[in-house]
Amino acid sequence: MPIIATDGLTMRFPRVTALDALTVAVEPGVVGLVGANGAGKSTLIKILLGLLPPSAGTASVLGLDIAREGGRIRERVGFMPEYECLPPDVSATEFVVHMARMCGLPSTAARERAADTLRHVGLYEERYRPIGGYSTGMRQRVKLAQALVHDPELVFLDEPTNGLDPAGRDEMLELIRRIGTEFGISVLVTSHLLGELERVCDHVVIIDGGRLLRSQAVEAYTAASGVLTVEVEEGRDVLGQRLHDAGVAVRPEGRFLLIDIAGEDTYDLIRDAVADLELRLIRMEQRRHRIEEVFATGPPAATGPPGAAAPPGHPPAEPQGVAR
Ligand SMILES: Nc1ncnc2c1ncn2[C@@H]1O[C@H](COP(=O)(O)OP(=O)(O)OP(=O)(O)O)[C@@H](O)[C@H]1O
């Protein structure tokens, strides 16, 4: 059963159509919802929580109808909002216990769950300090803890990496991955940065101007391309020239050569040229698409191999395994 399914979902505000006939369904797992600022991500979350009635269309969350069963959806779904919503003068423990009580947990269970959740998000040591003295990263973790405290089946995380420095971003992404894998909770996480979602999501939905651009498993976005990345210790240009003379389509990129695969022969030609020139081969691997390339090209359909959608001359990507 899909965790989220929408059909013709539309949200018209007086001046803007935030969602435009959005039809999409996603299965359990860690799902990324990507779009530029104003694409309609937060609006979609509010509608899915049953907090905002759509102008048209229908949707269900965990099989529950958003129009009739909003209360039951909110019992089973956690929500980490994008905006700052924390009281500065209470501790993380007090706040998260309070949120657990609001969800209906008895006092002792609320205290135990709050302590567990704060430990999971890495705030156990600081849990008695007032939130007002916390860093942005710590405040994001408090918001995450309150979303998890009632043991939901699914959490909506709205821009959880916003405002974080690179290290804080990595830690938050790792936490999100663990929510999906170790705790078995499905996640819908929004971001305007495609690259970071590639690392933690099973599936990515891309929207633009309230419309669906793509909805696919991450592997489908990052499918192997018809290009080889070749790196030699020294002699990149000599090798490039030799391959060019042999009729191979080759172009330099940074310290690599990118080579169009014309068949099995291409691999042999490269190996032979490297041996003849007495070079040291560091890598020869099929380049994979980066998920950003798909967003840059923006095809209207939700299916089909991403390679087919990429126009010639799209920005070349680094091979997988290279630090980003
Ligand atoms: N209550 C509202 N009244 C009028 N317009 C709204 C309202 N809420 C959102 N919008 C508009 O709807 C569009 C989508 O907004 P939304 O907040 O859903 O986008 P988003 O993808 O979450 O972007 P961001 O990351 O910047 O929040 C924007 O043009 C926004 O200005």
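Residues numbered from 1 in each chain as written. Predicted model: local features only at pLDDT ≥ 70, side-chain atom pairs only at ≥ 80, totals over all residues. Heavy atoms only, no water.

**Q** Talk me through the pairing of strand β10 (residues 211-217); I want residue IDs and the actual numbers.
**A** Pairing analysis gives six bridges linking strand β9 (residues 203-208) to β10, with the strands arranged antiparallel. Residue pairing across strands places V204 opposite Q216, the latter belonging to β10. Between β9 and β10, which follow one another and run antiparallel, lie two residues, and G209 among them has a positive phi close to 55 degrees. (Pairing = 2+ DSSP bridges. Helix = DSSP H or I, 4+ residues; strand = E, 2+ residues; numbered from the N terminus.)

**Q** Explain the site of the ligand to me, using residue names and the numbers behind them.
**A** Neighbouring residues of the ligand: 13 residues in total, closest G38, G40, K41, S42 and T43. With respect to the ligand, the backbone of A39 contributes an N or O atom lying 3.1 Å from an oxygen atom. G40 has a polar backbone atom sitting 2.9 Å from an oxygen atom of the ligand. Within the complex, the protein chains bury 63% of what would otherwise be the 630 Å² of accessible surface of the ligand. (Near = heavy atom within 4 Å. Polar contact = N/O pair within 3.5 Å; in protein donor to acceptor, adjacent residues only side chain to side chain. Areas by Shrake-Rupley, 256 points an atom, 1.4 Å probe, with all protein chains shown as cover.)

**Q** So what about helix α1 (residues 41-48)? Which residues, and what values?
**A** Taking burial as the measure, the eight residues of α1 include six buried ones, the bulk of the element. Directly beyond the C-terminal end of α1, a positive phi value near 75 degrees is found at G50. (Buried < 20%, exposed > 50% of the residue type's maximum accessible area, 1.4 Å probe, protein only.)

**Q** Break down helix α6 (residues 166-181) for me, citing the residues and quoting the values.
**A** The end-to-end C-alpha separation of α6 is 23 Å, in line with the 22 Å expected for 16 residues at 1.5 Å each. Burial in α6 covers these residues: G168, M172, L173, L175, I176 and I179. Buried residues of α6, viewed axially, fall in a sector of 155 degrees; they line one side. Exposed and oriented more than 90 degrees from the buried face of α6 are P166 and T181. (Expected span 1.5 Å × (residues − 1). Arc of directions from axis to C-beta.)

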